[in-house]
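Topology and contacts: notes
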Amino acid sequence: MRLLCMFDLPVETGDEKRSYRIFRKNLIKEGFIMLQYSVYMRTCPNREYAHALEKRLKKYIPANGNIRLVSITEKQYEDMIFLVGSKQATEEAVGTERMVII
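Residues numbered from 1 in each chain as written. Predicted model: local features only at pLDDT ≥ 70, side-chain atom pairs only at ≥ 80, totals over all residues. Heavy atoms only, no water.

**Focus: the layout of surface pockets**
In this approach the atoms are scanned with a rolling probe the size of a water molecule, which exposes any empty space left behind. In this structure, the largest pocket spans a volume of roughly 210 Å³. Lining the largest pocket are 12 residues, with Leu 35, Gln 36, Met 80, Ile 81 and Phe 82 sitting closest to its centre. Residue composition of the lining of the largest pocket, grouped by class: eight nonpolar, three polar and one charged. (1 Å grid on protein atoms, 1.4 Å probe; cavity = no way out; pocket = protein on both sides within 12 Å on 5 of 7 lines; lining within 4 Å. Points joined across faces, edges and corners; volume = space filled by probe spheres on them. Nonpolar A, V, L, I, M, F, W, Y, C, P; charged D, E, K, R; others polar.)

Encoded structure:
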């Protein structure tokens, strides 16, 4: 399954910019890759793992903004239609397998 994290965070003040950077840095540390701006994706072996990941992400959420998590199956992800553009190189490398970082 895939876990999508979509967010819209304010970056007007210095503190808001810092909170944004910390959140994004921790998303990447947890294995998320950027699907498009403010939309990150990570593969998960099962729902229990996705729930544990959700709990870990709650430690890093900023005070303001909007953050959403959506769990989708591999089939739903593969049925995604590109209206403009194509898969990124990271998506092609990962495919339906778990991401391996070398």
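Moving on, there is more to tell.
**Examining the sheet that holds strand E1 (residues 2-8)**
With antiparallel pairing, the four strands of this open sheet are ordered in space as E2-E3-E1-E4. Only two strands of the sheet have a single partner each, and these edge strands are strand E2 (33-36) and strand E4 (66-72). Across the sheet, the mean angle from the axis of one strand to that of its neighbour is 30°, orientation sign disregarded. The pairing of E1 with E4 spans seven bridges and is classified as antiparallel. Looking across to E4, one finds that Cys 5 is bridged to Leu 69. Across the sheet, helix H2 (residues 47-57) touches E1, strand E3 (39-43) and E4, and the angle it forms with E4 is around 170°. (Pairing = 2+ DSSP bridges. Helix = DSSP H or I, 4+ residues; strand = E, 2+ residues; numbered from the N terminus. Axes fitted to C-alpha atoms, helices over the stretch in contact; angles between N-to-C directions. Contact = heavy atoms within 4.5 Å.)

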